[in-house]
Amino acid sequence: MRLLFHLVALLLVTTPCLGWGGDGHRIIGTIASSDLTPATAAAVRELLGDQTLADACCWADEIRSDHRYDWIKPLHYINLPREATAVDMQRDGANGQQVVAGIERFRAVLSDTSRPREERLEALRLVLHLVGDLHQPLHVSYAVDLGGNRLSVTSFGKRSNLHRVWDTDLIQRRLKDTTGGWATMSADLRQAITPEQRAAWRAGRDPVRWADESFAITRRLYAEPPDAQEGVNEAYWVKWMPTVAERLQAAGVRLAAVLNAALDPEAGQVVKPSGAKVP
Ligand code: ADE
Ligand code: ZN
Ligand code: ZN
């Protein structure tokens, strides 16, 4: 029994993940939570019950092995042709089976209070997760190598792949230097957001543009690969950690704006970090 428990625990911690790792999603949710209006925060609480917002951000990855949810799998990412320079929803839309359409679909369900509670709860968990995923550059990438999942690289001396480096490894490297883990990192990143950044991120409401930003980074990641000998090393981390930080910050601010628009009928969308509405 004990052995079985340990085997199951091992499986849980070693299965690859389809989004930012748990820490990335929790950081995004925590940054978002401080930008919610009181009405939005109350509506979120009411839907989530006992589950914390940070945990709810990870739900879409946790149910991956449950085949009833197989329909969610293509909704974590969007792939583009090699020669593309920007997203074209006609070309890349995959009949709505991708992350951009997923965000649109579930934010509509979330805001529709005539829908059953269970359906709105699932929509909330998906919005929380997918806004995060769309900001992971390699979730807007290429089908050939599964968004870098098939691109093996050494990362800080261990076997990894380019996708995993961006989901997890770069954030783990920063957390190694952070006492207090993802909660401290969330607070640090939130405090570092300038008023100009917050205003710009809130003003851009179109997820297609968020996808374009991710794809622009993805193209650089393929043009400027990790060192051929060492793989992902300290220099790669120093070069790209500011980009990781900015994607987490933008995702958090935009997630809050999506939730406020969906759940607070009075949200004029201009909200101070304290949650107070600006007249
Ligand atoms: N599977 C196929 N493409 C992917 C991508 N861009 N991100 C994550 N998983 C994928
Ligand atoms: Zn995901
Ligand atoms: Zn991922």
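Remember, it's a predicted structure, so these values are computed and weren't measured experimentally.

J.: How would you sum up the coordination of the zinc ion (ligand 2)? Please name residues and give values.
T.: Protein-derived coordination of the zinc ion (ligand 2) comes from His76 (ND1), His129 (NE2) and Asp133 (OD), at a distance range of 1.9 to 2.1 Å. Read N to C, the donor residues that coordinate the zinc ion (ligand 2) are spaced as H-x52-H-x3-D. Taken as a pair, the zinc ion (ligand 2) and the zinc ion (ligand 3) lie 5.7 Å from each other. Taken together, the residues His129 and Asp133, both in helix α8 (residues 117–135) and four residues apart, mark about one turn of the helix. The exposure class assigned to His129 is buried, which follows from its relative accessible area of 0%.

J.: Any chance you could break down the packing of helix α9 (residues 162–176) against helix α10 (residues 181–191) for me, citing the residues and the numbers?
T.: The angle between the axes and the distance between the axes are what describe a pair of packed helices. Close contact between α9 and α10 brings their axes to 10 Å; oriented N to C, the two are set at 95 degrees. As far as their axial angle goes, α10 and α9 are roughly perpendicular. Across the interface between the two elements, Ile171, Arg174 and Leu175 of α9 pack against Gly181, Trp182, Met185, Asp188 and Leu189 of α10.

J.: Hey, could you go over the coordination of the zinc ion (ligand 3) for me, with residue numbers and the actual values?
T.: The protein atoms that coordinate the zinc ion (ligand 3) are His139 (NE2), His163 (NE2), Asp167 (OD) and Asp167 (OD), at distances spanning 2.1 to 2.4 Å. The coordination sphere of the zinc ion (ligand 3) comprises four donor atoms, whose angles at the metal cover 55 to 160 degrees; the geometry is irregular.

J.: Residues and numbers for the pattern of salt bridges, please.
T.: Counted under the stated rule, the structure contains 20 salt bridges. Of the charged contacts, one joins Lys73 and Asp70 as a salt bridge, the two residues approaching to 3.2 Å between their closest N and O atoms. One salt bridge in this structure joins Glu234 and Arg173, with 2.6 Å as the shortest N-O distance. Note that Glu234 is positioned in helix α13 (residues 234–263) and Arg173 in helix α9, a separation of 61 residues in sequence. Several salt bridges share partner residues, and in doing so they unite Asp35, Arg198 and Arg202 into one network.

J.: Any chance you could break down helix α3 (residues 38–48) for me, citing the residues and the numbers?
T.: When α3 is considered as a whole, its buried residues turn out to be Thr40, Ala43, Val44, Leu47 and Leu48. Summarising the axial view, the buried residues of α3 lie within an arc of 125 degrees, below the 170-degree limit, and thus occupy one face. Facing away from the buried side of α3, by more than 90 degrees, are the exposed residues Pro38 and Glu46. Looking at the packing, one finds that the buried side of α3 touches α4 (53–56), α7 (99–111), α8 and α13. Backbone geometry just downstream of α3 places Gly49 in the positive-phi region, at approximately 60 degrees.

J.: Report on the confidence of the model for the protein, specifying residues and quantitative values.
T.: On average, the protein scores 92 in pLDDT, and the residues at 70 or more come to 89%. Segment residues 1–7 is flagged for pLDDT under 50; beyond a separation of four residues in sequence, or across chains, it makes zero contacts in the model.

J.: Please provide a residue-by-residue account of the site of ligand 1, values included.
T.: Close to ligand 1 lie Tyr77, Asn79, Leu138, Ser141, Leu146, Gly147, Asn149 and His163, which account for all nearby residues. A distance of 3.0 Å separates a nitrogen atom of ligand 1 from a polar atom in the backbone of Leu138. Residue composition of the shell around ligand 1, grouped by class: three nonpolar, five polar and no charged.

J.: Residues and numbers for the packing of aromatic side chains, please.
T.: Taken as a whole, this structure holds six aromatic pairs when the rule is applied. Each ring, one from Trp59 and one from Tyr69, has its centre 5.3 Å from the other, and the planes form 80 degrees; the classification is edge-to-face. Highlighted residues: Trp59 in helix α5 (residues 59–62) and Tyr69 in the loop between α5 and β1 (78–79), separated in sequence by ten residues. The class for Trp59 is buried, based on a relative accessible area of 9%. Judged by centre distance (6.2 Å) and plane angle (50 degrees), the rings of Trp71 and Phe106 are tilted. Residue Trp71 is located in the loop between α5 and β1, and its partner Phe106 is located in helix α7; the two are separated by 35 residues in the primary sequence.

Reading guide: rules and limits
- Residues numbered from 1 in each chain as written.
- Chains lettered and ligands numbered in written order.
- Predicted model: local features only at pLDDT ≥ 70, side-chain atom pairs only at ≥ 80, totals over all residues.
- Heavy atoms only, no water.
- Donors = N, O, S within 2.8 Å, 3.2 Å for Na, K, Ca; no water.
- Helix = DSSP H or I, 4+ residues; strand = E, 2+ residues; numbered from the N terminus.
- Buried < 20%, exposed > 50% of the residue type's maximum accessible area, 1.4 Å probe, protein only.
- Axes fitted to C-alpha atoms, helices over the stretch in contact; angles between N-to-C directions.
- Parallel < 35°, antiparallel > 145°, perpendicular 65-115°, else oblique.
- Contact = heavy atoms within 4.5 Å.
- Tetrahedral: all angles 85-135°; square planar, octahedral: opposite > 155°, others 65-115°.
- Salt bridge = Lys/Arg side-chain N within 4 Å of Asp/Glu carboxyl O.
- Arc of directions from axis to C-beta.
- pLDDT = per-residue confidence, 0-100.
- Near = heavy atom within 4 Å.
- Polar contact = N/O pair within 3.5 Å; in protein donor to acceptor, adjacent residues only side chain to side chain.
- Nonpolar A, V, L, I, M, F, W, Y, C, P; charged D, E, K, R; others polar.
- Phe/Tyr/Trp six-rings, centres within 6.5 Å; stacked < 30°, edge-to-face > 60°.

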